[in-house]
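Observations on chain architecture
The chain contents come next:
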Amino acid sequence: MSYTVGIDVGGTFTDFYCAHEGGGFHTAKTPTTHYDLSVGFMRGMGLLAKGLKLKLPEFLGGLSSVRYSTTVGTNALIERTGPKLGLITTAGFEDTIFIGRGRSWADGLGWQQGRDLARIEKPVPLISPDMVVGVRERIDYAGKIIAPLSREEVLEKLQALVDRGAQGFVVSLLWSFVNPEHEQFIKQVIEEEYPEDYLGSMPVILSSEISPKAGEYTRTMTAVVNAYIHGLMADELNKLGNELRDGGYKKPLTLVHNTGGTKKASRTRAVLTHNAGPVAGLHGAAALGGLSADGNIVFTDMGGTSFDIGLIEGGAIKAHDFIPVIDRWRTNIPAIEVKSIGAGGGSIAWINTTLGDTLEVGPQSAGSMPGPACYDKGGKEPTVTDADLVLGLYNAENYLGGEMLLDIDLAKKAIGEKIAQPLGIPVEEAAWRIRRMIDARMGQEVFNEVALKGHDPRTFVLYACGGAGGAHAVGFAPFIGVRKIVVPLQSSVFGAFGASTMAIKEVWERSRSLKLFNWSEQAYLSDLAPFNDLVTELVDLATRDLKLEGFNERDMAFRLELDMRYGSQYNMTRVTAPKLRLDGTDDVKALCDAFTARYGEVYSPEATFPAGGINVESFFLTASVAQDPFALPAETLAAPEPDANAKTETRPVYWDPADGFVDTPIYDARRLKPGNRLAGPAVIESPDTTHVVAPGWTFHIDAWRNGVLERSA
């Protein structure tokens, strides 16, 4: 039997999802071993093999693919453990990355930190000023060489960076995204001076290859971030790949991209792995939504460290982050938009004395080590998980299917000393406030994400994923206004599940400004060659790359998306082109009409103004390889009444301060059948997650064994 494995490395746990023929699957969860990710990785593979009753070499030898989303690069940025880099740029522009954009000092900060102007600090640069040199050259906006490069000057500046300790180079010159000739010349010089067979050979990253788009600061920072995490990721992934091959795996390791696809690790740019786990989860939600005809979906994933939010409109992922922030640095990679905030089961509750003893929860997290106080691994700070345990929502003897025992006394002690005593309230009420606070924060973030994009949240279905999603969904859903919640069967390992549904896909991009509709002449573009030639160039690049990965051209599919705007507007709107190439005025008009329609969806039809001119600014070609459509077998629905043995006990649960502890029925999710229905209050326990059904909600199992919560009052 053939198997595929998806892996999602989180801040607290590393999740594994193994799918096999016939629609069956196995999951595993191991604590993330930040000191060496391969330890937790191979431990999880061993658990999957054990679940399938196979020896590890036999299991690895039968794998058809391993799709991996990693946090190695993100961790390197946070911990500042990357190499010492040198930056070569156009003379006179050496301070570009230090000046930044108008508000770049607040990039990557939460709203509270961003507003605290008295205490805010600019991030320490990834490249220090003494490691930036300028060379005299100039290429104009049309790609014409105005001032040629001097080889002698390049060698002089290169030697200066080497003498200062450079371990890698970033080259970012003006207008290189139009004509990369000078950047390629500098790379050639560096590789001639430090060839690969020398111990002193160093990686060279060109901005024209990493981010061939307009925007001097963001283009340069994209290349800098890529270079900073490149070496560490290469080392980590080479180690993982070697361990897999030594164990019997015969295929290449495949990485999940934040552009919405997967690709061989050997052909992946490091910067495209940022935020890959949440993007994989969003794709998983779209796949599941297609089975049940849920078109408008709010995807959420509440793990141990973070809370992720993404949107699916009409069954499609349409939201893109045009200038995503990686750590504290704004870049311009073509990433799918998934918002993350510091809210999870490990979020720490604390008293903000500067605001008059106000309760705060997060963004700090206890992580996997030491973790929440109830883990009994040395953690002393009260967390959301501690609060849920004190409220009776978790079973201390049956957490993660009994594989981890929780200590409720340690949870009560942490909440009592750090929260209840300072506020002068009982421990149980303090725990309820912690839960209420984190639910309100998550609910408000989700509402903003949906409403500020012009949607009515009440028309969306909430997909609550992550290990803690099922436990908190009924808590934050009222703040959004949704009346239906789906907790997928795979929710606790949803990023890994999503990775297993993703196709081989990548995005090739270029900046090029073209006037499709000229406002001064009120005429459509007549010279179609610049548009079509650029599309042909991108298609050729995509075809070459996918052929090198071993795929046939007949299996490739292409989709063209364009960043477009009215006249001289600043903001762009992403539009899917009706055709790859333009064959005449009718095709140009159809593309303009598609832009106007999409603009009206986002900003309202009254805001459209075609007469003001319509421009294309950037091209994005998505190339994918055909694969079998996603499918899961549906089960026959049973009677609404659950079997008597599905109820395992009655446990006191603290739903609110007015009622205190209420005896609540506890159910075993494995004994419930598709079609079974329950009315809240109730708690449903499974080996990897907990479903909380609050009063006023009903719960049932659908044909794919997803938990569905609906508001009854």
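Below is a summary of the structure that appears in this document. (Residues numbered from 1 in each chain as written. Predicted model: local features only at pLDDT ≥ 70, side-chain atom pairs only at ≥ 80, totals over all residues. Heavy atoms only, no water.)

Time to look at the nonpolar core. Counting residues in hydrophobic clusters, the biggest one holds 74 residues, and the most contacted among them are Ile 7, Phe 41, Met 45, Phe 59, Leu 63, Tyr 68 and Ile 186. For this core, the leading source of residues is helix 9 (residues 216–247), giving 12 residues. Among the nonpolar cores identified, the runner-up in size contains 70 residues, and Leu 406, Ala 464, Trp 655 and Leu 672 belong to it. (Core = buried A, V, L, I, M, F, W, Y, C linked by side-chain atoms within 4.5 Å. Buried < 20%, exposed > 50% of the residue type's maximum accessible area, 1.4 Å probe, protein only. Helix = DSSP H or I, 4+ residues; strand = E, 2+ residues; numbered from the N terminus.)

To continue, consider the packing of helix 12 (residues 408–423) against helix 13 (residues 427–451). The geometry of helix 12 relative to helix 13 is characterised by a closest axis approach of 9 Å and an angle of 90° between their N-to-C directions. One element, helix 12, and the other, helix 13, form an angle in the roughly perpendicular class. The residues of helix 13 that touch helix 12, namely those facing Lys 412, Ile 415, Gly 416, Ile 419, Ala 420 and Leu 423, are Val 427, Ala 430, Ala 431, Arg 433 and Ile 434. Class assignment of the residues belonging to the contact of helix 12 with helix 13 gives a composition of eight nonpolar, one polar and two charged. (Axes fitted to C-alpha atoms, helices over the stretch in contact; angles between N-to-C directions. Parallel < 35°, antiparallel > 145°, perpendicular 65-115°, else oblique. Contact = heavy atoms within 4.5 Å. Nonpolar A, V, L, I, M, F, W, Y, C, P; charged D, E, K, R; others polar.)

Here we take up the sheet that holds strand 32 (residues 682–685). In space, the four strands of this open sheet follow the order 29-30-32-33, with mixed pairing throughout. Of all strands in the sheet, those with a lone pairing partner are strand 29 (647–656) and strand 33 (690–693), marking the two edges. Adjacent strand axes in the sheet meet at a mean angle of 30° when their direction is disregarded. Pairing between strand 30 (residues 660–668) and strand 32: three bridges, direction parallel. (Pairing = 2+ DSSP bridges.)

This part is about the pairing of strand 6 (residues 132–135). Of the two faces of strand 6, the one lined by Val 132 and Gly 134 and the one lined by Val 133 and Val 135 are each fully buried. Relative to strand 6, strand 5 (residues 86–90) runs parallel, the two sharing four bridges. Looking at the pairing, Leu 87 lines up with Val 132 of strand 6.

Now for unusual backbone geometry. The linkage connecting Gly 362 with the following residue, Pro 363, adopts the cis geometry, with an omega of 0°. With respect to the secondary-structure elements, Pro 363 resides in strand 21 (residues 358–365). A cis amide bond, omega 10°, links Gly 680 with the succeeding residue Pro 681. Its location among the elements puts Pro 681 in the loop between strand 31 (677–679) and strand 32. For Asn 275, which is not a glycine, the phi torsion comes out positive at approximately 65°. Position of Asn 275 among the secondary structure elements: in the loop between strand 12 (262–264) and helix 10 (276–292). Asn 275 gets classed as partly exposed once you look at its relative accessible area, which sits at 22%. The backbone phi angle of Asp 327 is positive, close to 60°, even though this residue is not glycine. Counting through the fold element by element, Asp 327 comes out in the loop between strand 16 (325–326) and strand 17 (329–330). Since its relative accessible area comes to 24%, Asp 327 is described here as partly exposed.

Here the focus is the packing of aromatic side chains. As enumerated under the stated definition, the model contains 17 aromatic pairs in all. Look at Tyr 141 and Trp 175: their rings are 6.4 Å apart centre to centre, the planes differ by 70°, and that puts the pair in the edge-to-face class. Here Tyr 141 is found in the loop between strand 7 (138–139) and strand 8 (145–147), whereas its partner Trp 175 is found in the loop between strand 9 (169–172) and helix 7 (181–193), with 34 residues between them in sequence. Judged by its relative accessible area of 61%, Tyr 141 is exposed. (Phe/Tyr/Trp six-rings, centres within 6.5 Å; stacked < 30°, edge-to-face > 60°.)

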